Amino acid sequence: MTLIILTMTAALLVAGLFFFFAATVGFLRFPDLYTRMHATGKGDTLALLLMVAGLALFNLYDNFCWMGMVQSVKLLFIAVFWFIANPTATHAVLRAAFESGVTPWTKDGTVIIDKTEGEGA
Amino acid sequence: MGNFFLGTALALCFFIFLCLYRAVWGPTVFDRIIGAGFVGTKTTILLLLIGFIYRRIDMFVDLALVYSILNFISTLIVSKYFIKKGVHSHQL
């Protein structure tokens, strides 16, 4: 039984690490601000959920008392909070970037959103 | 199991170091904001791992919880501040 829980914890932690790495690579290599935000916003939310689930599982196995369960619930609350908070934060940064005039990147450089029609309305 | 947490924490530190590049040289201000938020998420997990390594989980869970809340609020405030001020025309 203990081996199963330890391997599941290790698997969850490694999966979280993989998604962090994927989000980091996306954050470094993508050409434009919005694509980087795309990678980062989703990548680290999922990675945080996986790692926190792994740690909560290990915590339940490690000290199996009422205090241990309270700590595991608090751990899972971090993941739930971050699932709600991160999209909001990413949206705030996106809106700030868009209103400051950061134009999205296109492969052949054509301007999709010309800012003049925004002011005109 | 402690060593495994130590290895995961070291890998996370390496990822934090990796994405510091964009946080420092990011062309626009908003890359830096995202970089700070990204490092903040990883630091939350790093706090939790340190808590598990030192076997004082109750203290570090609260630390990580407060840290993620503060990280969220700071991202909101900084992006609200930079709506019209941050980006100059030559930086786009």
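Conventions adopted
- Residues numbered from 1 in each chain as written.
- Chains lettered and ligands numbered in written order.
- Predicted model: local features only at pLDDT ≥ 70, side-chain atom pairs only at ≥ 80, totals over all residues.
- Heavy atoms only, no water.
- Helix = DSSP H or I, 4+ residues; strand = E, 2+ residues; numbered from the N terminus.
- Rg over C-alpha atoms; globule rule 2.2 N^0.38 Å.
- Buried < 20%, exposed > 50% of the residue type's maximum accessible area, 1.4 Å probe, protein only.
- Contact = heavy atoms within 4.5 Å.
- Expected span 1.5 Å × (residues − 1).

Enquirer: Can you walk me through the overall build of chain B in this structure?
Expert: Within chain B, the secondary structure is distributed over three helices and zero strands. Taken from N to C terminus, the helices and strands of chain B fall in the order α-α-α. The C-alpha radius of gyration computed for chain B amounts to 16 Å, which surpasses the reference 12 Å derived for 92 residues by more than 25%, pointing to a less compact arrangement than a globule. Referenced to the eigenvectors of the C-alpha coordinate spread, the extents of chain B come out at roughly 50 × 25 × 10 Å. When the 92 residues of chain B are sorted by exposure, 48% land in the buried category. Contacts in chain B between residues at least 24 apart in sequence constitute 60% of all its contacts with a sequence separation of at least 6.

Enquirer: Mind showing me how you'd approach the side chain of Ser 79 of chain B here?
Expert: When you line up the elements, Ser 79 of chain B lands in helix α3 (residues 57-85). Residues within four places of Ser 79 of chain B in sequence aside, it is in contact with Ala 92, Val 93 and Ala 96 of chain A together with Ile 33 of chain B.

Enquirer: Sorry if this is basic, but what is going on with helix α1 (residues 2-29) of chain A here?
Expert: Working note: α-helix, 3.6 residues per turn, so residues spaced by three or four point in the same direction. The terminal C-alpha atoms of α1 of chain A, which comprises 28 residues, lie 41 Å apart, in line with the 40 Å expected from a rise of 1.5 Å per residue. By the burial criterion, the buried members of α1 of chain A are Ile 5, Thr 9, Leu 13, Gly 16, Leu 17, Phe 20, Ala 23, Thr 24, Gly 26 and Phe 27 of chain A. Its buried side turned inward, α1 of chain A meets α2 (33-62) of chain A together with α1 (2-25) and α2 (29-54) of chain B.

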